[in-house]
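Residue-level listing of the chains:
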Amino acid sequence: MPTYCAQADLPYPLRQVFDLVADIESYPKFLHHVAAARIRRRNGNTLWVDQVVRFGMLRLRFSTRAVLEPPSRIHVVCDDSVFGTLDETWHFAAEPSGRTRLECQAIYELRSALIQRALGPALSDLLGTTVKAFEARATQLYGAAASVSG
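This is a predicted model, so every value here is computed, not measured.

Engineer: Can you break down the packing of aromatic side chains residue by residue, with the values?
Structural biologist: Each pair of aromatic rings is reported with the distance of its centres and the angle of its planes. Throughout the structure, instances matching the rule amount to seven aromatic pairs. Both rings, one in Tyr12 and one in Tyr142, keep their centres 5.4 Å apart while their planes meet at 55°; by these two values the pair is tilted. Of this pair, Tyr12 sits in the loop between strand 1 (3–10) and helix 1 (14–22) while Tyr142 sits in helix 3 (residues 113–142), and the two are 130 residues apart along the sequence. Residue classification places Tyr142 among the partly exposed positions, given a relative accessible area of 25%. Here the aromatic rings of Phe18 and Phe92 are separated by 5.1 Å at their centres, their planes lie at 65°, and the arrangement is edge-to-face.

Engineer: An account of the sheet that holds strand 2 (residues 34–43) is requested, with residue identities and associated values reported.
Structural biologist: With antiparallel pairing, seven strands are arranged side by side in an open sheet as 1-7-6-5-4-3-2. Both edges of this open sheet fall to strand 1 and strand 2, since each of them pairs with a single strand only. When strand polarity is set aside, the average angle formed by the axes of neighbouring strands in this sheet is 20°. For strand 6 (residues 83–94) and strand 7 (residues 100–110), the ladder comprises eleven bridges, and the chain directions are antiparallel. Its bridge partner lying in strand 7, Thr85 is registered against Glu109.

Engineer: Account for the pattern of salt bridges, naming residues and giving values.
Structural biologist: A complete count under the given rule lists five salt bridges for this structure. Here Arg101 and Asp9 are joined by a salt bridge, their closest N and O atoms 2.8 Å apart. In this pair, Arg101 sits in strand 7 while Asp9 sits in strand 1, placing the two residues 92 residues apart along the sequence. Among the residues examined, Arg101 registers a relative accessible area of 29% and is labelled partly exposed. Arg38 serves as the salt-bridge partner of Asp50, at 2.7 Å between the closest nitrogen and oxygen.

Criteria and cut-off values
- Residues numbered from 1 in each chain as written.
- Predicted model: local features only at pLDDT ≥ 70, side-chain atom pairs only at ≥ 80, totals over all residues.
- Heavy atoms only, no water.
- Phe/Tyr/Trp six-rings, centres within 6.5 Å; stacked < 30°, edge-to-face > 60°.
- Helix = DSSP H or I, 4+ residues; strand = E, 2+ residues; numbered from the N terminus.
- Buried < 20%, exposed > 50% of the residue type's maximum accessible area, 1.4 Å probe, protein only.
- Pairing = 2+ DSSP bridges.
- Axes fitted to C-alpha atoms, helices over the stretch in contact; angles between N-to-C directions.
- Salt bridge = Lys/Arg side-chain N within 4 Å of Asp/Glu carboxyl O.

Structure representation (structure tokens):
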């Protein structure tokens, strides 16, 4: 089963970076592969999310469960029909400089061999592209010379 990992050091406080990734309903504004994201239900720190992702002309609709553990971790899983496995963990670590280390580890395995053949190459680049989009969104929201105190 393929495992993907991407990371970045961001010049923003831990809580800002966590809140950015936890703002799931804003994903369509800056993640080009996310056509829609809606929190269907909340229970404490658990969110049930409906999403639509796009790969060229193909649209995949699926549901995930995200467990938020502020400010250090977000764990996302999907048992929907599109994926055989989707298990994604976002880690957030404060660095002594005040920067935040963002890391995501993910396992994606599609049930359909046809979809796997079509999307396999795109999935290998998807996580890195996603982390870069979060970096750009953080700069847009917080500014290039953000204060790292607090």
